[in-house]
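Examination of the molecular architecture
Next come the chains, spelled out residue by residue.
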Amino acid sequence: MEILKMEHLSKIYGKGETAVKALDDVSLSINKGEFVAIIGPSGSGKSTLLHLLGGVDRPTSGKVYVDNTDIYDLDETQLAIFRRRQIGLIYQFYNLIPILTVEENITLPMLLDEHKVDQKQFNEVVRILGLDNRLTHLPNQLSGGQQQRVSIGRALISNPSIMLADEPTGNLDSQNSEEIMDLLKMFNKTYNQTLIVITHDERIALQADRVISIEDGKISKDEVIHP
Ligand SMILES: Nc1ncnc2c1ncn2[C@@H]1O[C@H](COP(=O)(O)OP(=O)(O)O)[C@@H](O)[C@H]1O
Ligand SMILES: [Mg+2]
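To start, this report covers the structure provided alongside it. (Residues numbered from 1 in each chain as written. Chains lettered and ligands numbered in written order. Predicted model: local features only at pLDDT ≥ 70, side-chain atom pairs only at ≥ 80, totals over all residues. Heavy atoms only, no water.)

**With respect to the sheet that holds strand β8 (residues 194-198)**
Test applied: Strands were regarded as paired on the criterion that DSSP finds at least two bridges between them. Put simply, DSSP H or I for four residues or longer makes a helix, DSSP E for two residues or longer makes a strand, and each gets a number counted from the N terminus. Axis definition: a line fit to C-alpha positions, over the contact stretch in the case of helices; interaxial angles, taken between N-to-C directions, run 0 to 180 degrees.
One open sheet holds the 6 strands; their spatial order is β6-β7-β8-β3-β9-β10, and the pairing between them is mixed. Every interior strand has two partners, whereas the edge strands, β6 (87-91) and β10 (218-224), have only one. Going from strand to strand, the sheet's axes swing by 15° on average, the running direction of each strand aside. Here β6 runs beside strand β7 (residues 162-166); their pairing, made up of 5 bridges, is parallel.

**Quick notes on the environment of Leu129**
The condition that has to hold: Accessibility here uses a 1.4 Å probe with only protein chains present; expressed as a share of the type maximum, an area under 20% marks a residue as buried, one over 50% as exposed, and anything in between as partly exposed. Working rule for contacts: check all heavy atoms of both residues, and any pair within 4.5 Å makes them a contact.
Among the secondary structure elements, Leu129 is positioned in helix α4 (residues 119-129). Judged by relative accessible area, which is 0%, Leu129 ranks as buried. Remark: the alpha-carbon pair of Leu129 and Gln146, spanning 17 residues in sequence, is separated by 8.5 Å. In this structure Leu129 touches Arg149, Ile152, Gly153 and Leu183, once residues within four positions along its chain are discounted.

**A few points about the sheet that holds strand β5 (residues 69-70)**
Within a sheet, each strand pairs with its neighbour through backbone hydrogen bonds, oriented either parallel or antiparallel. Pairing is antiparallel in the open sheet, where 4 strands are placed in the order β2-β1-β4-β5. In this open sheet, the two edge strands, each paired with only one partner strand, are β2 (20-31) and β5. By the bridge criterion, 2 bridges tie strand β4 (residues 61-66) to β5 in an arrangement that is antiparallel. Looking at β5, one finds that Val66 is bridged to Thr69. Packed on one face of the sheet, helix α1 (residues 46-53) meets β1 (2-13), β2 and β4 and runs near 125° to β1.

**A short note on the environment of Pro41**
Of note, Pro41 is situated in the loop between β3 (35-39) and α1. Pro41 gets classed as partly exposed once you look at its relative accessible area, which sits at 45%. Between the C-alpha atom of Pro41 and that of Asp216, which follows or precedes it by 175 residues, the distance is 8.6 Å. Apart from residues no more than four positions distant in its own chain, Pro41 is found in contact with Lys46, Ile214 and Glu215.

**Quick notes on the site of ligand 1**
Convention followed: Proximity criterion: a residue is near a molecule or strand once any of its heavy atoms comes within 4 Å of it. Here a polar contact is recorded for every N or O atom pair within 3.5 Å, except that within protein the pair must consist of a potential hydrogen donor and a potential acceptor, and residues adjacent in sequence are included only if both atoms are side-chain atoms. For this classification, Asp, Glu, Lys and Arg are treated as charged, while Ala, Val, Leu, Ile, Met, Phe, Trp, Tyr, Cys and Pro are nonpolar and the rest, including Gly, are polar.
As a structural note, the neighbourhood of ligand 1 is formed by Tyr13, Val20, Ala22, Pro41, Ser42, Gly43, Ser44, Gly45, Lys46, Ser47 and Thr48. Ser47 is positioned such that a nitrogen or oxygen atom in its side chain is 2.8 Å from an oxygen atom of ligand 1. Mapped by element, the contributors of at least two residues to the shell around ligand 1 are β2 and α1. With 3 residues, α1 is the largest single contributor of residues to the shell around ligand 1. Of the residues assigned to the shell around ligand 1, the class counts are 4 nonpolar, 6 polar and 1 charged.

**With respect to unusual backbone geometry**
A positive phi angle, close to 55°, is found at Asp25, a residue other than glycine. Its identity is not glycine, yet Asn95 carries a phi of approximately 50°, on the positive side. The residue Asn95 is located in the loop between β6 and α3 (102-112) in this model. Given a relative accessible area of 43%, Asn95 falls into the partly exposed group.

**What to know about α1**
With 6 of 8 residues buried, α1 is to be regarded as a mostly interior element. Listed as buried for α1 are Lys46, Thr48, Leu49, Leu50, Leu52 and Leu53. Where α1 terminates, the next one or two residues include Gly55, which has phi positive at roughly 75°.

**Some words on the nonpolar core**
Stated formally: Take the buried Ala, Val, Leu, Ile, Met, Phe, Trp, Tyr and Cys residues and link them wherever side-chain atoms come within 4.5 Å; each set so joined is a nonpolar core.
In terms of nonpolar packing, the biggest core is built from 34 residues, with Ile106 and Leu184 touching the most fellow members. Counting residues per element, the ones that place at least two in this core are β3, α3, α4, α5 (144-156), β7, α6 (174-190), β8 and α7 (202-205). With 5 residues, the single largest contributor to this core is α6.

Written as structure tokens, this is what we have:
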């Protein structure tokens, strides 16, 4: 079943002589529960693509459908709600809020959404992430691997149907990388969460169901490697 569809998506940053065409007429369909790796050289448009899929930025032209909803047809308020409820986003440098504790960072999306935190679900998420005894710590009191677990917790707390990760292990050593990927894969398999990971690491790309290569803002290759 298709969960994500992009049609003729283009993104141009800037105007006139300094304009950069970051994405050039990309069309793509992704099924629910798929684990997709996106690879390609630096500057090829990978992060731009992920942001457009997640409702973080608006395309210059083209459409993004999530569960058949045209997300850029939504107004800003509706788009923000869509993002908080449907999309989990993970970045290379964690993007945690330095003055908030681990617990506050994880529950922030729920509070922004005026949703009560489901304590049972919260406990389950922090247990799986191994953060039970770190809840009152601040981000700078944690290792890189732990900080990335917090950002995964924050992304998971609202049960998103789609998890988008932009080089999630780019700042971690190989053992932490493996642990973070195992967590993401576990949520992908257990909850049928659609997982899209940008990576430079071939070992990670080879774990995906499907590998999409981006070059110069276009899809240059799209291969199912684990049917
Ligand atoms: N906010 C921005 N303003 C102007 N140019 C940008 C912006 N974000 C990205 N770009 C440019 O768009 C192109 C694609 O960038 P990006 O999607 O970040 O590539 P990747 O993630 O593959 O490294 C690059 O040439 C980059 O410099
Ligand atoms: Mg990038």
